[in-house]
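Working through the structure, step by step
Each chain is listed here by its residues.
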Amino acid sequence: MTEMATNGEPARSARETTQRTRGAPLRIALVGIGKIARDQHIPALEKDAAFELAATVSRNHQVDGVRAFRDIPSLLEAGLPIDAVSLCTPPVGRHALARAALDAGLHVMLEKPPGATVSEVEDLAARARARNLTLFTTWHSRESAAVDPARDWLARRTIKSVRTTWKEDIRHWHPGQDWILEPGGLGVFDPGINALSILTSILPERLMLRRATLHFPANRQAPIAAELELQHGANDPVVVELDFLQVGPQSWDIEVETNEGTLLLREGGRRLFIDGVEQLAAEDCEYPRLYRRFDELIAAGTSDVDVSPQQLVADAFMIGRRIEAAPFEF
Ligand code: NAP
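Summarised in this report is the structure supplied together with it. (Residues numbered from 1 in each chain as written. Predicted model: local features only at pLDDT ≥ 70, side-chain atom pairs only at ≥ 80, totals over all residues. Heavy atoms only, no water.)

1. Brief notes about unusual backbone geometry
Stated precisely, the cut-off is as follows: Secondary structure counts use DSSP, requiring at least four H or I residues in a row for a helix and at least two E residues in a row for a strand, with both numbered from the N terminus.
In this structure, the amide linkage connecting Lys 112 to the following residue, Pro 113, adopts the cis form with an omega of -15°. Position of Pro 113 relative to the elements: it lies in the loop between β6 (107–110) and α4 (118–130). We note that Asp 275 has phi near 50°; this positive angle belongs to a residue other than glycine. The residue Asp 275 is located in the loop between β14 (271–274) and β15 (277–281) in this model.

2. Focus on the sheet that holds β14
Basically, it comes down to this: Criterion used throughout: strands pair if DSSP finds at least two bridges between them. An axis is simply a line fitted to the C-alpha atoms; with a helix, the fit covers only the stretch in contact. Between two such axes, the angle follows the N-to-C directions and lies from 0 to 180 degrees. Only heavy atoms matter for contacts: two residues are in contact if any of them lie within 4.5 Å across the pair.
Spatially, the nine strands line up as an open sheet ordered β15-β14-β13-β12-β8-β11-β10-β9-β17, and their pairing is mixed. Edge strands, defined here as strands with exactly one partner in the open sheet, are β15 and β17 (321–325). Taking each pair of neighbouring strands and ignoring which way they run, the sheet shows an average axis angle of 15°. Where β14 lies against β15, four bridges are found, and the strand directions are antiparallel. Across the sheet, residue Leu 272 finds its bridge partner in β15, namely Leu 280. In the packing of helix α7 (residues 189–202) onto the sheet, contacts are made with β8 (159–167), β9 (207–217), β10 (225–232), β11 (236–243), β12 (251–258) and β13 (261–266), and the angle to β8 comes to roughly 155°. Here helix α9 (residues 308–319) sits on the sheet and contacts β9, β10 and β17; the angle it forms with β9, its principal contact strand, is near 65°.

3. Some words on α9
Short version of the rule: An expected span of 1.5 Å times one less than the residue number is assigned to each helix.
Here α9 contains 12 residues, and its C-alpha end-to-end distance of 17 Å stays within 8% of the 16 Å for a straight helix at 1.5 Å per residue. Where α9 is buried, its residues touch α4, α7, β9, β10 and β16 (305–306).

4. A look at the pairing of β14
Here β13 pairs with β14 via four bridges, running antiparallel. What sits directly across from Arg 266, in β14, is Arg 271. Joining the antiparallel neighbours β13 and β14 is a turn of four residues, in which Glu 267 adopts a positive phi near 50°. Remark: two residues form the turn of the hairpin made by β14 and β15, two consecutive strands paired antiparallel; Asp 275 in that turn has positive phi of roughly 50°.

5. Digging into the packing of aromatic side chains
Selection rule: Working definition: rings of Phe, Tyr and Trp (its six-membered ring) pair if their centres are within 6.5 Å, and the pair is stacked with planes under 30 degrees apart, edge-to-face with planes over 60 apart, and tilted otherwise. By definition here, charges over rings are those cases where NZ of Lys or CZ of Arg is within 6 Å of the ring centre and within 35 degrees of the ring normal.
In this structure the tally under the stated criterion is six aromatic pairs. Seen from their ring centres, Trp 173 and Trp 252 are 5.7 Å apart, and the 75° between their planes marks the pair as edge-to-face. Of this pair, Trp 173 sits in helix α6 (residues 170–173) while Trp 252 sits in strand β12, and the two are 79 residues apart along the sequence. Taken together, Phe 51, Phe 136, Tyr 291 and Phe 294 form an aromatic cluster joined through their ring pairs. A cation over a ring is seen here: Arg 322 above Phe 216, with NZ or CZ 4.0 Å from the ring centre.

6. Side note on the environment of Leu 106
Condition: Per-residue accessibility, obtained with a 1.4 Å probe over protein chains only, is compared with the maximum for each type, and a residue is labelled buried under 20%, exposed over 50%, and partly exposed between these values.
With respect to the helices and strands, the residue Leu 106 is situated in the loop between α3 (94–103) and β6. Classification of Leu 106 by relative accessible area gives buried; the value is 0%. Separated by 47 residues in sequence, Leu 106 and Arg 59 have C-alpha atoms that sit 20 Å apart.

7. Overview of the packing of α3 against α4
The following threshold applies: Should an angle lie under 35 degrees it is considered roughly parallel, over 145 roughly antiparallel, and from 65 to 115 roughly perpendicular; all remaining angles are considered oblique. Three classes are used, and their members are as follows: Ala, Val, Leu, Ile, Met, Phe, Trp, Tyr, Cys and Pro are nonpolar, Asp, Glu, Lys and Arg are charged, and the others, Gly among them, are polar.
Closest axis-to-axis distance for the α3/α4 pair is 10 Å, and the angle between their directions is 5°. Our classification of the angle between α3 and α4 gives roughly parallel. In contact with His 95, Ala 98, Arg 99, Leu 102 and Asp 103 of α3, α4 contributes Glu 120, Asp 123, Leu 124, Arg 127 and Ala 128. The residue inventory of the contact of α3 with α4, partitioned by class, reads four nonpolar, one polar and five charged.

8. Focus: the pattern of salt bridges
What counts, and what does not: In the sections that follow, a salt bridge refers to a side-chain nitrogen of Lys or Arg positioned within 4 Å of a carboxyl oxygen of Asp or Glu.
A complete count under the given rule lists 25 salt bridges for this structure. Note that Asp 39 and Lys 35 form a salt bridge whose closest N and O atoms lie 2.8 Å from each other. Taken together, the residues Asp 39 and Lys 35, both in helix α1 (residues 35–47) and four residues apart, mark about one turn of the helix. For Lys 35, a relative accessible area of 37% gives the class partly exposed. Close ionic contact of Arg 220 with Asp 178 constitutes a salt bridge, the shortest N to O distance being 2.9 Å. Of this pair, Arg 220 sits in the loop between β9 and β10 while Asp 178 sits in the loop between α6 and α7, and the two are 42 residues apart along the sequence. A residue is classified by how much of its surface remains accessible, and Arg 220, at 9% relative accessible area, is buried. What you see here is one network of salt bridges that share partners, running through Arg 99, Asp 103, Asp 123, Arg 127 and Arg 131.

As structure tokens, then:
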């Protein structure tokens with residue numbers, strides 16, 4: 001589902017304290033100071049003059065020189081002028097935080113996946129709409145440089161089949177993040193949903209899940225590997241292989257066979273090949289582009305809410321065959 005809620009007027013914060021001077025930076029609070037907040041959000045915000053990192057909200061972590069609060073109620077009670085929050089906590093618990101922010105009249109940007117369930121996100125979309133606020137469900141992989149060119153190239157061709165290989169080492173990329181293998185942590189779908197976010201963006205027709213096999217470690221509540229078979233259009237097979245135990249070379253590749261050659265997206269969408277010839281290779285630009293878009297959405301008084309990648313993951317949990325795998329420890 002892609003929803004662009006336009007109310008015709010610039011979105012405004014309901015709180016008097018958040019009224020900002022025209023042209024002044026958006027005062028943003030970053031919620032959940034962990035790996036992605038430090039690796040990507042803070043550097044992107046520091047370089048973007050449209051934003052001012054006014055506060056952090058995190059139970060155990062702070063950022064030097066930035067006002068810190070332990071929870072959203074403390075932030076609101078302090079009366080600090082804030083226009084928006086960006087949520088970087090794990091998906092379970094995100095809804096309550098986002099709801100509190102929207103109820104206080106703040107625009108909200110959500111890390112992927114946008115919530116623990118699809119219905120949570122739909123509830124937030126309705127709340128944002130009712131209050132003329134911006135809700136942005138981000139999918140950072142869609143901002144990789146080769147994704148838009150891939151969509152344009154595929155739009156003029158007939159798709160025959162798609163093969164996606166998303167294999168990474170959980171111990172390297174998510175050291176000690178036990179939440180990722182808890183219920184709602186999504187396991188291998190935490191990175192795998194990035195592949196689904198690209199597929200749902202570049203393929204011209206709707207994707208439907210046909211079959212799934214999910215490998216659950218005996219001592220964990222989320223899969224460590226998965227194989228998906230999807231259908232695109234009338235009958236184009238789409239295969240997705242996800243593995244969270246990949247050591248050595250890591251793979252974030254999507255190969256699309258068409259009537260006029262084969263498109264290959266590598267390194268999560270940073271490199272584009274057509275019939276083996278490289279067309280584009282770019283540096284990581286995902287998070288600066290996400291914040292540009294958040295600023296544009298707020299200025300335009302719209303939301304951007306898309307749950308289609310999350311819906312496919314929910315479908316996999318719904319119809320997937322469950323296979324017990326070896327116990328996993330970090
Ligand atoms: P993380 O390193 O575990 O950081 C999350 C932070 O959220 C924690 O430091 C914690 O800070 C806070 N938090 C609040 N409630 C929590 C809870 N119940 N359990 C654990 N932490 C909680 O996780 P992350 O890697 O930054 O991932 C956060 C989100 O970003 C996820 O949705 C993930 O899919 C997404 N993401 C991650 C990456 C990546 O490379 N890691 C890339 C793109 C997107 P306090 O203890 O101070 O509250």
